[in-house]
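Spelled out, the chains give:
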Amino acid sequence: METTKSHIALLASPGMGHLIPVLELAKHLVSHQSFKVTVFVVATDHASLTDTHILQSPADSGDLLDIVLLPFIDVSDIVMLCTPEIDRKEIDEHVKNRKPLHIPGCKPIKFEHNLDVFFMDPNDPVYQGYVEAINKMSLTDGILVNTWDELEPTTLKALRETKKVPIYPIGPLVRPIEKSVFGNEIIAWLDKQPKQSVIYVSFGSGGTLSAQQVKELAWGLELSQQRFVWVLRPPTENDAAGTFLALGNGSDATPDYLPDGFPARTEDRGLLVPMWAPQVEVLSHTSIGGFLTHCGWNSTMESIVNGVPMIAWPLYAEQKMNASMLTEDIGASIRVMAVESDAAVGREEIRSVVRKILVDRQGRNIRSRIKELKDSAANALAKGGSSYNSMSQVANICIQHLKTKASGA
């Protein structure tokens, strides 16, 4: 007689950054833990996910993985487990006098690297919503974290010592390489480049730059004299709905947000990609030697798993904190610096960091460190590794919980 499989429901918040790791968790629960899984996906308010291949269930999952789309809701006011633990006086000092903020398990966070929520009035309804959501986290049976013990031992130790809720590091959860992607024009171009010679430039699915910053980035890439793949989006001042890379105002039909003649001058060593690229497949290619990234957590995990050193260029949300961790704590990146806060990053700074991460001696330690982290990630996921064991523990707890429920019914 066939036994009924335990059924798990997962909820993915809006945005690809939340969706991808939840889908990878679902696939793992199906393939390695023999659960039936339903993933509820909260759609974004700016694009439909119904046509993307990401939402297709893997062919080998049978009827064990279902994906259900839900209407969009606003969840922008929920995160950060330690906020209630931080003294409000320290937050005020952080905001008024710009002193570093001390969070358990983290190095002190500089004012310019922190989240906007810390700058809010404690009576602000949005801030109160944050605190309420965090307090509710402590009522859960556990929190799954897309990281692993060896990557963030101090932070995970501090979270566990709060003893509010069990913490289960189960990462890195990243999308696997899809063989069908190989053969497209980006991969074909990369196939022709020397090993570890190309910088990959992408600011994620939601990241855009100003027109001035796009031009400075273009000049920096050109001045570096290094090969590049740049996932290029129209700047925020332009109409992103227009035809991408359409004829612009330049004398050689260069889009008007790029330096005049830039595509022609760099065509022998650069590839401009409109809007989107198969990032996992690009980062896994042997010709990639560096990743200029916005430091979204998915991109960070994908870069580490593939052993690609990073140039940290955070844009919003927690990305500045991620950049600080990558640069100051684990040594996996260098960080771009503007001359003044909120100013555009200059072309000379961009030229310098690109060369450092790819060819200069100053980047040697980072290139070596990222290889260590790649091995650490693989070991965490392997049988007997920290994340493998943590995932098995979660699966066993779920099964025992369901058995208890069934016996008490």
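An unreviewed UniProt entry annotates the chain as Glycosyltransferase of Gossypium stocksii. Its UniProt record gives the chain a comment under Sequence similarities (unreviewed entry), which states: "Belongs to the UDP-glycosyltransferase family."

Notes on the overall build of the chain
Counting its regular elements, the chain contains 13 helices and eleven strands. For the chain, buried positions account for 45% of its 409 residues. Long-range contacts, defined here as pairs at least 24 residues apart, represent 68% of the contacts in the chain between residues at least 6 apart. Taken as a whole, the chain presents about 20900 Å² of accessible surface, with 53% of it coming from carbon and sulfur.

Some remarks on the packing of aromatic side chains
Applying the stated criterion across every chain yields a total of four aromatic pairs. Ring geometry for Trp-230 against Phe-262: centres 6.1 Å apart, planes inclined by 80°, an arrangement best described as edge-to-face. Of the two residues, Trp-230 sits in strand 7 (residues 227–232) while Phe-262 sits in helix 7 (residues 262–266), which places them 32 residues apart along the sequence. Put simply, the rings of Phe-228, Trp-230 and Phe-262 touch in pairs and so form one group of aromatic residues.

Topic: empty space enclosed by the protein
In total, this model carries one cavity of 30 Å³ or more according to the counting rule given. Estimates place the volume of the largest cavity at around 70 Å³. Phe-203, Gly-207, Thr-208, Leu-209, Val-214, Trp-230, Val-231, Leu-232 and Arg-233 are the residues that line the largest cavity. Looking at the lining of the largest cavity element by element, the count peaks at three residues for strand 7.

Some words on the side chain of Thr-38
If you trace the backbone, Thr-38 turns up in strand 2 (residues 36–42). What makes Thr-38 buried here is its relative accessible area of 9%. Leaving out residues up to four positions away in the same chain, Thr-38 has contacts with His-7, Ile-8, Ala-9, Leu-10, Asp-66 and Val-68.

Re the sheet that holds strand 8 (residues 270–274)
As summarised here, the arrangement of the six strands in space is 8-7-6-9-10-11, forming an open sheet in which the pairing is parallel. The sheet terminates laterally at strand 8 and strand 11 (333–335), the two strands that pair on one side only. Neighbour-to-neighbour, the strand axes of the sheet open up by a mean angle of 20°, direction not taken into account. Judged from the three bridges that link them, strand 9 (residues 288–293) and strand 10 (residues 310–312) form a sheet pairing that is parallel. Looking across to strand 10, one finds that Thr-293 is bridged to Ala-312. Across the sheet, helix 6 (residues 211–224) is in contact with strand 6 (198–202), strand 7 and strand 9; its angle to strand 7 comes to roughly 165°.

The rules behind each value
- Residues numbered from 1 in each chain as written.
- Predicted model: local features only at pLDDT ≥ 70, side-chain atom pairs only at ≥ 80, totals over all residues.
- Heavy atoms only, no water.
- UniProt positions renumbered as here; feature names shortened; annotations may be inferred.
- Helix = DSSP H or I, 4+ residues; strand = E, 2+ residues; numbered from the N terminus.
- Buried < 20%, exposed > 50% of the residue type's maximum accessible area, 1.4 Å probe, protein only.
- Contact = heavy atoms within 4.5 Å.
- Areas by Shrake-Rupley, 256 points an atom, 1.4 Å probe, with all protein chains shown as cover.
- Phe/Tyr/Trp six-rings, centres within 6.5 Å; stacked < 30°, edge-to-face > 60°.
- 1 Å grid on protein atoms, 1.4 Å probe; cavity = no way out; pocket = protein on both sides within 12 Å on 5 of 7 lines; lining within 4 Å.
- Points joined across faces, edges and corners; volume = space filled by probe spheres on them.
- Pairing = 2+ DSSP bridges.
- Axes fitted to C-alpha atoms, helices over the stretch in contact; angles between N-to-C directions.

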